[in-house]
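Coordinates in review
Read off the chains here:
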Amino acid sequence: MIQDDSHFIVSVRRCSLCSQAFVSVFTEYVDWAASQDAQYRTLLPITDAEADDLMAGRLSPHRAGALGRGRRHLQSDWPSEADEPSVYWDSGVFEVREGY
């Protein structure tokens, strides 16, 4: 775990088959009115050096989205009004924000 708050979690994970490193970003926004909390997840493949930098604190978890430049990442978006998440491949830089 790099960041472990109730509404913002950033971690480095590795594939058990090929050892590929990934940065995982989870953000949740509490819906105080309807209790349907919006949740967003991103899973981006990263290099071993990038994983080391994230784990050692040399790269801020808030800058992890910049690593997406020129890369594909798996995205799961579940806004408050949706019945189920939308899961899709995306590419490029993505925003990393803390939830609430």
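In this convention, every chain numbers its residues from 1, walking through the sequence in written order. At least 70 in pLDDT is required for a residue's local features to be given in this predicted model, at least 80 for side-chain atom pairs to be given and counted, and no such filter applies to totals for whole chains, interfaces and linings, which use all residues. Computation of side-chain values covers all heavy atoms of the structure but excludes hydrogens and water.

**Some words on the layout of surface pockets**
Our working definition: Residues are said to line a cavity or pocket when one of their atoms sits within 4 Å of a point; the points come from a 1 Å grid over protein atoms alone, cavities being sets where a 1.4 Å probe fits but cannot get out and pockets being open sets with protein on both sides within 12 Å along at least five of seven lines. Grid points are joined across faces, edges and corners, and a volume is the space filled by probe spheres set on the points. Under the scheme used here, helices are H or I runs from DSSP no shorter than 4 residues and strands are E runs no shorter than 2 residues, and both carry numbers assigned from the N terminus. Amino acid classes used here: Ala, Val, Leu, Ile, Met, Phe, Trp, Tyr, Cys and Pro are nonpolar; Asp, Glu, Lys and Arg are charged; the rest, including Gly, are polar.
Its boundaries defined by the atoms lining it, the largest pocket holds a volume of some 280 Å³. Forming the boundary of the largest pocket are 15 residues, of which Y40, T42, Q75, E95 and V96 lie nearest the centre. Of all the elements in the fold, those that place two or more residues in the lining of the largest pocket are β3 (21–29), β4 (38–46) and β5 (72–78). Classifying every residue of the lining of the largest pocket gives 6 nonpolar, 4 polar and 5 charged.

**So, the pattern of salt bridges**
Where we set the bar: When a carboxyl oxygen of Asp or Glu lies within 4 Å of a side-chain nitrogen of Lys or Arg, that pair is called a salt bridge.
Within the structure shown, the criterion is met by 4 salt bridges. With a closest N to O distance of 2.8 Å, D53 and R58 form a salt bridge. In this structure, R97 engages E95 in a salt bridge whose closest nitrogen and oxygen atoms are separated by 3.8 Å.

**Section: the state of the cysteines**
Definition in use: Sulfur atoms of two cysteines make up a disulfide when they are within 2.5 Å. Three labels apply to residues, based on accessible area from a 1.4 Å probe with only protein chains included: buried if under 20% of the type maximum, exposed if over 50%, partly exposed otherwise in between.
Scanning all chains against the criterion turns up 0 disulfides. Free of any disulfide, C15 has its nearest neighbouring cysteine sulfur in C18, separated by 3.7 Å. A residue is classified by how much of its surface remains accessible, and C15, at 27% relative accessible area, is partly exposed. By relative accessible area, C18 is classed as exposed at 53%.

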